[in-house]
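So you can see what is in the structure, the chains are spelled out below.
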Number of protein chains: 2
Amino acid sequence: MRRAWVISTGTELALGQTVDTNTAWLAAQLAALGIRTLRHITVPDDADATRDVLLQAATACDVILLTGGLGPTDDDLTRQALADAAGVQLHLHPPSLDHLRAFFAARGREMPERNTVQALLPQAATALPNTCGTAPGICIALSGTPCYALPGVPFEMRAMFEREVAPALKRLADGAALLSRTLHTFGLGESDLGERIRDLMVRGRNPEVGTTAGFGLVGIRINAAAPSHADAEALLDQAESDLRRRLGSIIFGRDGDTLPGVVGALLAATGRTLSTAESCTGGLIGTLITDVAGSSRYNRGGAIAYANQAKVAILDVDPEEVEQCGAVSDVVARALALGAARKFGSDYAASTTGIAGPAGGTPEKPVGLVFIGLHTPTGTTAQKCLFGSDAPREAIRLRAARTALDLLRLELMHAVTHEVSGSGR
Amino acid sequence: MRRAWVISTGTELALGQTVDTNTAWLAAQLAALGIRTLRHITVPDDADATRDVLLQAATACDVILLTGGLGPTDDDLTRQALADAAGVQLHLHPPSLDHLRAFFAARGREMPERNTVQALLPQAATALPNTCGTAPGICIALSGTPCYALPGVPFEMRAMFEREVAPALKRLADGAALLSRTLHTFGLGESDLGERIRDLMVRGRNPEVGTTAGFGLVGIRINAAAPSHADAEALLDQAESDLRRRLGSIIFGRDGDTLPGVVGALLAATGRTLSTAESCTGGLIGTLITDVAGSSRYNRGGAIAYANQAKVAILDVDPEEVEQCGAVSDVVARALALGAARKFGSDYAASTTGIAGPAGGTPEKPVGLVFIGLHTPTGTTAQKCLFGSDAPREAIRLRAARTALDLLRLELMHAVTHEVSGSGR
């Protein structure tokens with residue numbers, strides 16, 4: 001499989017003032033063409049540093065992509081760096097100058113003299129036409145390794161890559177495919193999950209399996225390399241079915257699937273409705289649910305019952321229960337869920353009550369303690385969760401919201417299986 | 001000025017499946033400490049490639065930062081790469097193992113055996129405590145160049161950088177300053193705003209001024225380079241006061257300030273309370289408000305009244321008004337805000353009702369139409385907004401939520417001025 005380095009130039013990138021999205025986009029395009037990116041490098045607007053990185057890349061990979069530094073101002077140094085790396089001079093490329101003049105003429109303006117530099121090319125290089133801007137791209141061989149320099153403006157870069165570079169790379173690629181698939185899980189920590197699939201994660205294996213975790217979600221990424229697209233797809237399918245067999249219902253989706261999207265699809269499929277009663281999550285569950293287009297079919301609404309008074313006034317929680325058990329208790333979590341289901345007239349309801357911190361914790365009820373209530377057609381329950389007394393507020397809230405959604409998902413899956421199996425309710 | 005390289009590891013980053021935001025964040029932090037980042041490098045999960053990059057970095061800069069690869073699974077290879085680069089062995093670090101066991105114990109779980117690897121350290125390295133996760137960071141000298149390896153999970157990485165790394169880097173920096181400040185604005189488009197401050201945005205000027213925009217917010221970034229911290233600070237102060245004079249109340253804060261944080265501070269300062277009634281934003285305003293620590297002082301709660309039935313049942317909206325004017329109307333927006341203020345017993349209330357799309361638009365009421373209701377001690381009003389019929393659902397929701405918060409902010413600022421000026425109410 002061919003190997004690439006992807007380079008980006010720009011002082012604003014190097015200083016961290018702009019997040020570079022071009023490099024990831026290009027690496028994903030290369031993967032889709034069956035070319036593996038081995039390294040990303042970002043350098044400031046500095047011709048010598050850029051030249052050094054180009055020379056290193058030329059000996060280490062099969063194709064180099066570079067973005068940025070093709071503009072008309074003094075900090076645009078990619079043309080010079082390419083010429084230096086190739087050991088040649090820059091010369092004026094008349095067709096590119098014509099394109100520049102025509103670009104400005106089409107906008108009713110005369111070309112500023114400054115832009116002439118954009119028509120300079122290293123000798124023996126080829127210009128790549130820019131259909132959406134001024135700067136032409138440049139294709140040049142460095143010690144025999146093809147190097148493509150593209151504009152830094154993302155939409156110009158993408159158009160030029162698709163038009164000018166991708167066709168050439170298809171010819172360069174050896175037909176090999178590098179495909180990727182992600183399975184999303186909830187309910188098992190990254191290390192416990194890793195333990196169950198350890199043999200699949202051994203280095204050097206194909207397909208390659210890796211995990212990434214954040215706020216309760218663990219994603220399992222599968223990368224398959226194969227001589228053909230069909231072979232790579234077959235490897236992914238095999239790995240996915242193996243993972244599903246081992247991990248069962250903790251896998252809630254793949255690729256673009258989200259937890260609220262899956263919950264929504266299950267609600268829509270069963271014709272059931274949902275409402276929420278949120279204390280410590282303060283509307284986050286509602287936000288996640290209504291992020292899904294079409295959620296009005298099943299979402300009846302919710303209450304943000306942060307203050308005790310709101311719990312009582314809006315959701316008919318018994319003030320004596322709040323007094324006796326405290327607002328953060330399984331009793332109140334159940335009362336909130338039941339209250340929401342009744343007030344909003346929904347089949348299911350999820351609630352949260354807890355201590356998101358940073359203040360408000362006690363030894364008995366520490367920061368990170370959250371009770372999640374769940375009302376279903378068969379009853380009302382509550383689950384106690386500890387999300388860590390040192391965890392930041394956002395982390396506790398997000399984990400609580402996701403845990404509530406996952407409990408709903410498991411309940412709905414159970415209900416669907418139950419209905420399909422014919423045992424009815 | 002000291003120079004840094006910032007390295008990130010992860011096959012998902014190298015293949016472009018995840019955009020690396022850690023590197024930019026770290027480079028910005030380094031700049032704030034007066035350290036200039038010369039290179040960012042991303043490598044896949046590959047111990048040899050990581051070692052090679054570390055060795056190259058050690059001869060080329062004054063400090064190395066690295067993120068990722070400290071997890072418990074077999075694709076977490078940073079510990080090994082650091083040991084290889086330093087030419088030493090890994091050994092078990094008992095205090096880190098104690099921390100790991102305590103981390104799991106605090107969450108009511110036993111530590112999986114797998115996590116023991118996270119307590120391995122290269123000889124002569126120092127462990128950096130992780131206050132929000134399992135993996136300790138690692139500090140080690142490579143050919144005399146200090147190298148800090150941090151977790152890849154952004155919130156763990158940021159907390160560890162601020163607590164453990166920044167103080168050490170302050171001592172390393174040589175006094176030169178590269179300072180940055182951001183002013184946050186709401187209410188004016190990026191190009192209109194750019195027109196008003198065009199002379200300040202000329203390239204090559206020090207301080208350098210640039211803008212970035214997203215979902216209604218426009219940030220104005222000021223970068224100042226100077227031989228000393230005090231000189232750079234003075235340049236920033238001068239630019240900030242110039243910008244404030246030109247832009248007035250559209251500037252709502254700077255640096256870490258957020259719109260809900262500023263609204264919360266104004267509510268807390270005036271002793272007033274708030275509630276929300278959200279239709280198309282589905283809980284997003286509530287989420288933004290309760291993201292702020294201490295918001296329980298002024299946040300009385302909210303209703304997510306997505307379905308019309310909920311608007312009527314929970315917030316006492318007159319069903320005839322919904323019938324006559326439609327749920328998406330200024331009449332209903334006002335009724336929602338008034339209903340929330342009454343139900344939750346708050347001084348202020350904000351409401352939304354609109355069409356977030358992608359479906360549900362009509363020629364009279366297109367996707368992107370949102371009415372924002374505002375109840376204040378002096379009355380109840382509604383504002384009509386058009387956020388674009390081709391805008392994505394999340395964009396419409398976020399702009400609506402932010403517009404509601406900004407209207408609250410302006411009302412509260414007006415009230416504060418009014419009270420301070422002694423004219424009373």
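Everything discussed here concerns the structure shown above.
Residues numbered from 1 in each chain as written. Chains lettered and ligands numbered in written order. Predicted model: local features only at pLDDT ≥ 70, side-chain atom pairs only at ≥ 80, totals over all residues. Heavy atoms only, no water.

Q: Quick one: what's the story with the interface of chain B and chain A, residue by residue and with numbers?
A: Across the contact, 78 residues belong to chain B and 80 residues belong to chain A. Regarding the contact of chain B and chain A, the summed buried area is about 6100 Å², with carbon and sulfur atoms giving 54% of it. In this structure, the connection of chain B to chain A is made through five salt bridges. Residues aspartate 291 of chain A and arginine 397 of chain B are paired through a salt bridge, measuring 3.0 Å at the closest nitrogen-oxygen approach. (Contact = heavy atoms within 4.5 Å. Buried area = accessible area lost by both parts, 1.4 Å probe. Salt bridge = Lys/Arg side-chain N within 4 Å of Asp/Glu carboxyl O.)

Q: So what about the sheet that holds strand 11 (residues 217-226) of chain B? Which residues, and what values?
A: Residue and element names in this part refer to chain B. Spatial strand order, 10-11-9-12: four strands in an open sheet with antiparallel pairing. Here the strands that pair on one side only, and so sit at the sheet edges, are strand 10 (208-214) and strand 12 (251-254). Averaged over all neighbouring strand pairs, the angle between strand axes comes to 25 degrees, with direction disregarded. Sheet topology places strand 10 next to strand 11; seven bridges connect them, and they run antiparallel. Considered in strand 11, the bridge of valine 209 is made with isoleucine 222. Helix 8 (residues 229-247) rests against strand 9 (177-186), strand 11 and strand 12 of the sheet, and its axis sits at about 15 degrees to strand 9. (Pairing = 2+ DSSP bridges. Helix = DSSP H or I, 4+ residues; strand = E, 2+ residues; numbered from the N terminus. Axes fitted to C-alpha atoms, helices over the stretch in contact; angles between N-to-C directions.)

Q: Summarise the nonpolar core; cite the residues concerned and give the values.
A: Counting residues in each nonpolar core, the largest one holds 50 residues, and the members touching the most others are Leu54, Ile64 and Leu142 of chain A together with Leu54, Ile64 and Leu142 of chain B. The residues contacting leucine 54 of chain A, other than those within four sequence positions of it, are Ile7, Ile64, Leu66, Ala81, Leu82, Ala85, Leu142 and Cys147 of chain A. Counting 41 residues, the second largest nonpolar core, distinct from the first, contains Phe186, Ala333, Ile372 and Leu408 of chain A. (Core = buried A, V, L, I, M, F, W, Y, C linked by side-chain atoms within 4.5 Å. Buried < 20%, exposed > 50% of the residue type's maximum accessible area, 1.4 Å probe, protein only.)

Q: Can you explain the sheet that holds strand 11 (residues 217-226) of chain A? Please cite residues and give values.
A: Residues and elements named next belong to chain A. Read from one edge to the other, the open sheet built from four strands follows the order 10-11-9-12, with strand pairing classed as antiparallel. At either end of the open sheet lies a strand with only one pairing partner, and these are strand 10 (208-214) and strand 12 (251-254). Adjacent strand axes in the sheet meet at a mean angle of 25 degrees when their direction is disregarded. As paired strands, strand 9 (residues 177-186) and strand 12 are joined by three bridges and run antiparallel to one another.

Q: I'd like a description of the environment of aspartate 316 of chain A, backed by residues and values.
A: Residue and element names in this part refer to chain A. In this structure, aspartate 316 sits in the loop between helix 11 (308-315) and helix 12 (319-325). Along the sequence, aspartate 316 and aspartate 76 sit 240 residues apart, while their C-alpha atoms lie 66 Å from each other. Dropping the residues within four chain positions of it, aspartate 316 is found in contact with Lys311 and Lys343.

Q: Can you tell me about the environment of histidine 229 of chain B, naming the residues and giving the values?
A: Structurally, histidine 229 of chain B can be placed in helix 8. Separated by 197 residues in the primary sequence, histidine 229 of chain B and alanine 32 of chain B place their C-alpha atoms 9.7 Å from one another.

Q: Outline unusual backbone geometry, supporting the account with residue identities and numerical values.
A: Residues and elements named next belong to chain A. With an omega dihedral of 0 degrees, the bond running from asparagine 206 to proline 207 counts as a cis peptide bond. When you line up the elements, proline 207 lands in the loop between helix 7 (190-196) and strand 10. Backbone geometry at serine 143 places phi at a positive 50 degrees, although glycine is not the residue there. Mapped onto the elements, serine 143 comes out in the loop between strand 7 (137-142) and strand 8 (145-150). Even without being a glycine, aspartate 255 presents a positive backbone phi close to 45 degrees. Relative to the helices and strands, aspartate 255 is located in the loop between strand 12 and helix 9 (259-270). Owing to a relative accessible area of 38%, aspartate 255 belongs among the partly exposed residues under this scheme.

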